[in-house]
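Each chain, letter by letter, is given below.
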Amino acid sequence: METLTLNIEGMTCGGCVKSVTRILEGVEGVAKAEVSLEGKSALIEFDPAKTGAAALIEAVEDGGFDAAL
């Protein structure tokens, strides 16, 4: 397992945090996602054999938020 921190822009409330968490945890290979509204970030634990940074960023952006390393 690897961990990765993404910077997430566009979250304004707890509902956004839940949405981003659900989006990330829905990506195959993601074991855990801890999303912080205050930190504008997500700490993601994932299996690098199943997914990577590009796929995680794409999933968050498809959900309507901006994501970057």
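See the structure shown above.
Now for a quick tour of the structure. (Residues numbered from 1 in each chain as written. Predicted model: local features only at pLDDT ≥ 70, side-chain atom pairs only at ≥ 80, totals over all residues. Heavy atoms only, no water.)

Moving on: the environment of Arg-22. In this fold, Arg-22 is placed in helix H1 (residues 14-25). Its relative accessible area of 58% is what places Arg-22 among the exposed residues. Distance in space between the C-alpha atoms of Arg-22 and Gly-63 is 10.0 Å, their sequence separation being 41 residues. (Helix = DSSP H or I, 4+ residues; strand = E, 2+ residues; numbered from the N terminus. Buried < 20%, exposed > 50% of the residue type's maximum accessible area, 1.4 Å probe, protein only.)

Tallied over the entire structure, the rule returns two salt bridges. Between Glu-9 and Lys-40 there is a salt bridge, with its nearest N and O atoms 3.9 Å apart. On the criterion of sequence distance, the pair formed by Glu-9 in strand E1 (residues 2-9) and Lys-40 in the loop between strand E2 (30-36) and strand E3 (41-46) is long-range, its members being 31 residues apart. Here Lys-40 falls in the partly exposed class, since its relative accessible area comes to 43%. Two residues, Lys-32 and Glu-34, come together in a salt bridge whose shortest N-O distance is 3.4 Å. (Salt bridge = Lys/Arg side-chain N within 4 Å of Asp/Glu carboxyl O.)

Let's shift gears to a negative patch on the surface. On the surface, Glu-58, Glu-61, Asp-62 and Asp-66 cluster together into a patch of negative charge. It is helix H2 (residues 53-62) that contributes the most residues to the negative patch, three residues altogether. Locating Glu-61 in the fold gives a position in helix H2. Given the relative accessible area of 40%, Glu-61 is considered partly exposed. (Patch = residues over 30% accessible without salt bridge, like charges linked within 9 Å, V, L, I, M, F, W, Y side chains within 5 Å. Areas by Shrake-Rupley, 256 points an atom, 1.4 Å probe, with all protein chains shown as cover. Lys, Arg positive; Asp, Glu negative; His and termini not counted. Charge placed at Lys NZ, Arg CZ, Asp CG, Glu CD.)

What follows concerns the nonpolar core. Core analysis: the biggest nonpolar cluster contains 21 residues, and Ile-8, Met-11, Leu-24, Ile-44 and Leu-56 have the highest contact counts within it. Where this core is concerned, the elements lending two or more residues are E1, H1, E2, E3 and H2. In contact with Leu-24, other than residues within four places in its own chain, are Val-30, Ala-33, Val-35, Ala-42, Ile-44, Leu-56 and Val-60. (Core = buried A, V, L, I, M, F, W, Y, C linked by side-chain atoms within 4.5 Å. Contact = heavy atoms within 4.5 Å.)

A word on the side chain of Ser-41. In this fold, Ser-41 is placed in strand E3. Aside from chain neighbours lying at most four places away, what touches Ser-41 is Thr-5, Leu-6, Asn-7, Ile-8, Met-11, Glu-34, Val-35 and Ser-36.

With that settled, the discussion passes to the sheet that holds E3. Pairing in this open sheet of four strands is antiparallel, and the strands run E2-E3-E1-E4 from one edge to the other. Looking along the sheet, the strands with just one partner apiece sit at the ends: E2 and strand E4 (66-68). Averaged over all pairs of adjacent strands, the angle between their axes in this sheet comes to 25 degrees, without regard to strand direction. With three bridges joining them, E1 and E4 adopt antiparallel strand pairing. Bridge assignment links Glu-9 to a residue of E4, and that residue is Asp-66. With respect to the sheet, H1 is in contact with E1, E2 and E3, its orientation differing from that of E2 by roughly 160 degrees. (Pairing = 2+ DSSP bridges. Axes fitted to C-alpha atoms, helices over the stretch in contact; angles between N-to-C directions.)

So, to be careful, I would describe these as geometric facts and stop short of saying anything about function.
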